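Spelled out from the first residue to the last, the chains are:
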Amino acid sequence: MSEVQTKDNFILYVVMAGAVAAGAVYMVKNSEHDKYASAEKAIAEDSSNSAYRNDVLHSGGAKK
């Protein structure tokens, strides 16, 4: 009797799952980009619109 060995496709399945996951992350990242366009524009016009200001109240851990 002759036994035929089948090729193990586990690595192929893992690579394909990783590619699908990376594609999903890329698509979500691109769709979220437009969400912050208005905030980016406002910060570019006036940096005091940013939550990450570097002024006297926010430097050195000083409290209001």
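Look a little higher up for the structure.
Residues numbered from 1 in each chain as written. Predicted model: local features only at pLDDT ≥ 70, side-chain atom pairs only at ≥ 80, totals over all residues. Heavy atoms only, no water.

**Q** Explain the overall build of the protein chain to me, please; I cannot follow it from the model alone.
**A** A tally of regular secondary structure across the protein chain gives two helices and zero strands. Among the 64 residues that make up the protein chain, the fraction classed as buried is 2%. With an accessible surface of roughly 6400 Å², the protein chain has 60% of that area assigned to carbon and sulfur atoms. (Helix = DSSP H or I, 4+ residues; strand = E, 2+ residues; numbered from the N terminus. Buried < 20%, exposed > 50% of the residue type's maximum accessible area, 1.4 Å probe, protein only. Areas by Shrake-Rupley, 256 points an atom, 1.4 Å probe, with all protein chains shown as cover.)

**Q** Honestly, a nonpolar patch on the surface in this entry has me stumped. Any pointers?
**A** Among the surface-exposed residues, Phe10, Ile11, Val14 and Val15 lie close enough to one another that they form a single nonpolar patch of about 410 Å² accessible area. Its location among the elements puts Phe10 in helix H1 (residues 10–33). Residue classification places Phe10 among the exposed residues on the basis of a relative accessible area of 52%. (Patch = residues over 30% accessible without salt bridge, like charges linked within 9 Å, V, L, I, M, F, W, Y side chains within 5 Å. Salt bridge = Lys/Arg side-chain N within 4 Å of Asp/Glu carboxyl O.)

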